[in-house]
Amino acid sequence: MQVVYTGADWQKYWLNSLKNDKSIGLVPTMGALHEGHLDLVRKAKSECDIVVVSVFVNPTQFNNQEDFDNYPNTLEADLAKLKEEKVDFVFVPNTENIYPEKPQLSIDFGNLETVLEGAFRPGHFNGVGIIVSKLFNIIRPHKAYFGQKDLQQTGIIKRLVKDLSMNVQLVIVPTRREQDGLAMSSRNMRLSTDERQQALILINSLEKAKQELLTGKAWFEIQNQINHDFEEMPLASLEYFELIHPESFTRYSAFDANQKSSICVAAYVGKIRLIDNLPIIL
Ligand SMILES: Nc1ncnc2c1ncn2[C@@H]1O[C@H](COP(=O)(O)OP(=O)(O)OP(=O)(O)O)[C@@H](O)[C@H]1O
Ligand SMILES: CC(C)(CO)[C@@H](O)C(=O)[O-]
Ligand code: BAL
């Protein structure tokens, strides 16, 4: 496994892979790797000749300085896990290398900016759009792997690839969960024991809502009930709990079994903001 620190360093490996007609798979991450990330890596390993994992905590996608300052950094352990998975390259750029200057470009994702993460994290998707474009331009992968846990992020990146005719195939990997159902997330390691227990309200409320939707209960009643459930949890505070179309991300005010739908949730547990989602009709 080779650790590469700059785009210029990667260039010679890229030329070599091109000469040998090798396919390249990229797994973009912000580090603090868990089994969810490793599922992406394993999928990439099974489909590509060369797998590159990037580890970069991208400052421009954080709308909250405290969240950025406290984002876990476990690079040594990450490298050991990636070596175990027989990853070919790990790209670990520093901020100066990625952002020699503050980008002047900004990306407006239209309606995607006005709901869910777009609404609650102003500027977040602009930061994601810029860094993912940069990573695609530097690494030039044939395929890139993203997790379904960040459902709206997958919509943003699909839009980016389509609107800019990027020559990369996106692969979306299902959400890996802990045994009790909590979606794996790097931020989980910052939860106290009590917070970890109360964090289960995210997946429990998604599953409860799904069951009730499928048995005919009205969406507004379900939403009211879930709001109430969150109010009962002293450490959890709900940001949104929405029924949406999983491609356009438009909100539904009522359930329609003939339309694709997913439920998305975001909540603070203590000071940690977590997100999750569950498909209802695919
Ligand atoms: N539980 C999971 N299952 C599948 N993919 C995941 C999971 N968690 C994260 N990913 C994916 O891994 C990639 C890198 O994500 P990232 O490094 O932000 O990790 P993260 O665990 O989502 O961190 P955080 O939730 O704290 O933002 C993204 O494509 C993300 O969707
Ligand atoms: C795609 C990504 C690596 C861009 O920084 C990040 O948003 C993430 O980890 O999901
Ligand atoms: N996994 C999404 C990255 C973020 O929370 O900024």
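Residues numbered from 1 in each chain as written. Chains lettered and ligands numbered in written order. Predicted model: local features only at pLDDT ≥ 70, side-chain atom pairs only at ≥ 80, totals over all residues.

Going by what an unreviewed UniProt entry lists, the chain is known as Pantothenate synthetase and is assigned to Algoriphagus locisalis. Looking at the chain in UniProt, the text filed under Sequence similarities (unreviewed entry) is "Belongs to the pantothenate synthetase family." Taken from UniProt, the Subunit (unreviewed entry) comment for the chain reads in full: "Homodimer." (UniProt positions renumbered as here; feature names shortened; annotations may be inferred.)

(A) Representation of the overall build of the chain. Looking only at helices and strands, the chain features 11 helices and 9 strands. In terms of C-alpha radius of gyration, the chain reaches 19 Å, essentially the compact-globule figure of 19 Å for 282 residues. Taking the principal axes of the C-alpha coordinates as reference, the chain spans close to 60 × 40 × 40 Å. Summarising the internal contacts of the chain: among those between residues at least 6 apart in sequence, 70% fall at separations of at least 24. (Helix = DSSP H or I, 4+ residues; strand = E, 2+ residues; numbered from the N terminus. Rg over C-alpha atoms; globule rule 2.2 N^0.38 Å. Contact = placed C-beta atoms within 7 Å.)

(B) Examining unusual backbone geometry more closely. For R140, which is not a glycine, the phi torsion comes out positive at approximately 55°. If you trace the backbone, R140 turns up in the loop between α7 (124–139) and β5 (143–147). Here F249, not a glycine, exhibits a phi torsion of approximately 65°, which is positive. In this structure, F249 sits in the loop between β7 (236–244) and β8 (261–269).

(C) Highlighting the site of ligand 1. Taken together, 18 residues surround ligand 1, and among them G36, G147, M184, S185 and R187 come closest. It is helix α2 (residues 35–47) that provides the largest number of residues to the shell around ligand 1, a total of 4 residues. Here the shell around ligand 1 is built from residues that sort into 6 nonpolar, 7 polar and 5 charged. (Near = placed C-beta within 6 Å. Nonpolar A, V, L, I, M, F, W, Y, C, P; charged D, E, K, R; others polar.)

(D) How the structure looks around the domain arrangement of the chain. Domain annotation of the chain identifies domain 1 (2–173) and domain 2 (186–277). Taken over C-alpha atoms, the centre of domain 1 sits 26 Å from the centre of domain 2. If you look at the interface, domain 1 gives 15 residues, while domain 2 gives 17 residues. For the side of domain 1 that touches domain 2, the secondary structure elements donating two or more residues are α6 (116–120) and α8 (151–163). (Domains from an automatic or database assignment.)

(E) Main features of the UniProt feature "active site" (unreviewed entry) in the chain. In the numbering adopted here, UniProt assigns the feature "active site" (unreviewed entry) to H37. As for its position among the elements, H37 is in helix α2.

(F) Structural detail: the site of ligand 2. Around ligand 2 lies a shell formed by P28, T29, M30, N58, Q61, V128, I131, V132, D150 and Q153. When contributions to the shell around ligand 2 are tallied by element, the ones reaching two or more residues are β2 (24–29) and α7. Across the shell around ligand 2, the residue classes break down as 5 nonpolar, 4 polar and 1 charged.

(G) Examining the sheet that holds strand β6 (residues 169–173) more closely. Overall, parallel pairing links the 6 strands, which are arranged β1-β4-β3-β2-β5-β6 in an open sheet. Of all the strands in the sheet, the pair left with one neighbour each is β1 (2–4) and β6. Adjacent strand axes in the sheet meet at a mean angle of 25°, parallel and antiparallel pairs treated alike. With 3 bridges connecting them, β1 and strand β4 (residues 89–91) associate as parallel partners. Across the sheet, residue Q2 finds its bridge partner in β4, namely F89. On the sheet, α2 packs against β2, β3 (50–55), β5 and β6 and is oriented at approximately 155° with respect to β5. (Pairing = 2+ DSSP bridges. Axes fitted to C-alpha atoms, helices over the stretch in contact; angles between N-to-C directions.)

(H) Inspection of the packing of helix α10 (residues 200–214) against helix α11 (residues 219–231) at higher detail. Contact geometry for α10 and α11: axes closest at 10 Å, N-to-C directions at 155°. One element, α10, and the other, α11, form an angle in the roughly antiparallel class. As for how α10 packs across α11, the hand of that crossing is right-handed. Between α10 and α11, the contacting residues are I201, S205, A209, E212 and L213 on the first element and W219, I222, I226, D229 and F230 on the second. Split by residue class, the contact of α10 with α11 holds 7 nonpolar, 1 polar and 2 charged. (Parallel < 35°, antiparallel > 145°, perpendicular 65-115°, else oblique. Left-handed = near helix turned anticlockwise from the far one by under 90°.)

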